[in-house]
Amino acid sequence: MTKKLNSDPVCAVDYAFQRIGGKYKGRIIWYLHTYTVLRYGELKRSIVGITPKMLTQTLRELEEDDLVIRRVYSEVPPKVEYTLTESAKELIPFIDHLREWGDKRMGNYKIICQ
């Protein structure tokens, strides 16, 4: 199933932000980079304010865009792990640069993203 985007990308920047833009995608990619492998519950606890429905939807979109690998283990209870693809790992220096930019500008709102 291919995700239907609102419109075709106008340029490369538009294409990139259609895949990693939004409230949660950057944080999910950053946490998967930081911890390498995370299960659904660990991601849910890491991302303050995300609903289960939104987390599931966002993970599916990241998987469809070849940014996240979803590995399902056939055991009881079911075990599902998420990791970054090589394509997503290419984004880490840019996300880190955004993190540094945000750190400089947050002032008294200092919250550290690991």
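Rules of the game
Residues numbered from 1 in each chain as written. Predicted model: local features only at pLDDT ≥ 70, side-chain atom pairs only at ≥ 80, totals over all residues. Heavy atoms only, no water. Axes fitted to C-alpha atoms, helices over the stretch in contact; angles between N-to-C directions. Helix = DSSP H or I, 4+ residues; strand = E, 2+ residues; numbered from the N terminus. Parallel < 35°, antiparallel > 145°, perpendicular 65-115°, else oblique. Contact = heavy atoms within 4.5 Å. Nonpolar A, V, L, I, M, F, W, Y, C, P; charged D, E, K, R; others polar. 1 Å grid on protein atoms, 1.4 Å probe; cavity = no way out; pocket = protein on both sides within 12 Å on 5 of 7 lines; lining within 4 Å. Points joined across faces, edges and corners; volume = space filled by probe spheres on them.

Naming follows an unreviewed UniProt entry, where the chain appears as Transcriptional regulator, HxlR family of Pedobacter caeni.

So what's going on with the packing of helix α1 (residues 12-20) against helix α2 (residues 25-35)? Residues and values would help.
As a packed pair, α1 and α2 sit with axes 8 Å apart at the nearest point and diverge in direction by 75°. Taken together, the axes of α1 and α2 lie roughly perpendicular to each other. On α2, the residues touching Gln18, Arg19 and Ile20 of α1 are Lys25, Gly26 and Ile29. Its residues assigned to classes, the contact of α1 with α2 comprises 2 nonpolar, 2 polar and 2 charged.

Run through the layout of surface pockets, naming residues and quoting values.
Here the second largest pocket defines a volume of roughly 160 Å³. Lining the second largest pocket are Tyr15, Ala16, Arg19, Ile20, Asp65, Leu67, Ser87, Glu90, Leu91 and Phe94. Of all the elements, α1 adds the most residues to the lining of the second largest pocket, at 4 residues. Taken together, the residues of the lining of the second largest pocket sort by class into 6 nonpolar, 1 polar and 3 charged.

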